[in-house]
Amino acid sequence: PPFYTSEQGACAVNAGGNIIAYYDCRYDDLIPGYSPIVIGGKYYIYGNQNSAVDNMFNTLYNMMGTEAIGTSVEGFKSGMRQYVTSKNHSINITSATGSYYNVNLNYLKSQLKADVPAVVFLDTFSITATRDIVANNGYDHIKSENYGGYHTMLVYGYKDITYYNSDGSVKERNTYLHVTTGFNGVGTALVDITRNCNVDDAYIMEVA
């Protein structure tokens, strides 16, 4: 996935902008002046961030009504709709909240498997680098960094880790979301929604 960042450092704008950059692979008029690199007609490489991406972020920032204190959920959705509509496309923003740590996990998984990204609005969370889950004999060593406050991230995949007792019963199940963090220098990482995390809202984002 792309993990560009806006000059304002606004997390909701970052998440929304990267969703637009993701869909620009299919609809290259979403970001005029920007095109990902196509490899073999099937795979994409997201190149260096350019002025076209910067302009897209600036436009989103204004359309979302983002302020120094952040972006509201409704402002995020309104801004995404306004931007995509201005490019003669449509966007479906469907709730993916539910009973599993406030996530409709089965629905979220089905959409991610279909290459449809999501966005989560969090209040308190932890970040784990993919290299920081190390399997050992009989246990895993997991290194995470905890954060407080509100944050918004793009979700592009998931990872379930289930631990079992000696009798085969489930001892613990951890569900990680593959995200673009929106943090400078961090890029992609994992967020465990089953511990040290509060999911306030989750939405499937589909552009057509």
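Our subject is the structure that appears above.
Residues numbered from 1 in each chain as written. Predicted model: local features only at pLDDT ≥ 70, side-chain atom pairs only at ≥ 80, totals over all residues. Heavy atoms only, no water.

Asks: Tell me about the sheet that holds strand E7 (residues 145-164), and name the residues and values.
Replies: The antiparallel open sheet is built from six strands, whose spatial order is E3-E10-E4-E7-E8-E9. Only two strands of the sheet have a single neighbouring strand rather than two, namely strand E3 (91-95) and strand E9 (188-192). Adjacent strand axes in the sheet meet at a mean angle of 45°, parallel and antiparallel pairs treated alike. Bridge count between strand E8 (residues 170-180) and E9: five bridges; the pairing is antiparallel. Bridge assignment links Tyr-176 to a residue of E9, and that residue is Asp-192. (Pairing = 2+ DSSP bridges. Helix = DSSP H or I, 4+ residues; strand = E, 2+ residues; numbered from the N terminus. Axes fitted to C-alpha atoms, helices over the stretch in contact; angles between N-to-C directions.)

Asks: So what's going on with helix H1 (residues 11-23)? Which residues, and what values?
Replies: Taking 1.5 Å of rise per residue, the 13 residues of H1 would be expected to cover 18 Å, and the 19 Å separating its terminal C-alpha atoms lies within 8% of that figure. Most of H1 sits out of view: twelve of its 13 residues are buried. All of the buried residues in H1 are Cys-11, Ala-12, Val-13, Asn-14, Ala-15, Gly-16, Gly-17, Asn-18, Ile-19, Ile-20, Ala-21 and Tyr-23. Looking at the packing, one finds that the buried side of H1 touches helix H2 (51-63), helix H3 (73-86), strand E4 (118-127), E7 and strand E10 (199-207). (Expected span 1.5 Å × (residues − 1). Buried < 20%, exposed > 50% of the residue type's maximum accessible area, 1.4 Å probe, protein only. Contact = heavy atoms within 4.5 Å.)

Asks: Would you mind going over the packing of aromatic side chains in detail, with residue names and values included?
Replies: A full pass over the atoms with the stated rule returns seven aromatic pairs. Judged by centre distance (5.2 Å) and plane angle (10°), the rings of Phe-125 and Tyr-147 are stacked. With Phe-125 in strand E4 and Tyr-147 in strand E7, the pair connects residues that are 22 residues apart, well separated along the chain. The buried category is assigned to Phe-125, whose relative accessible area is 2%. (Phe/Tyr/Trp six-rings, centres within 6.5 Å; stacked < 30°, edge-to-face > 60°.)

Asks: Explain the layout of surface pockets to me, and be specific about the residues and the numbers.
Replies: Quantified by volume, the largest pocket comes out at close to 320 Å³. As for the largest pocket, its lining consists of 21 residues, and the residues nearest its centre are Cys-11, Gly-70, Thr-71, Tyr-150 and Thr-152. Looking at the lining of the largest pocket residue by residue, the classes come out as ten nonpolar, eight polar and three charged. In terms of lining residues, the second largest pocket is bounded by 14 residues, among which Ile-127, Ala-129, Asp-132, Glu-145 and Val-186 are the most central. Secondary structure elements with two or more residues in the lining of the second largest pocket: E7 and E9. Partitioned by chemical class, the residues of the lining of the second largest pocket number six nonpolar, four polar and four charged. (1 Å grid on protein atoms, 1.4 Å probe; cavity = no way out; pocket = protein on both sides within 12 Å on 5 of 7 lines; lining within 4 Å. Points joined across faces, edges and corners; volume = space filled by probe spheres on them. Nonpolar A, V, L, I, M, F, W, Y, C, P; charged D, E, K, R; others polar.)

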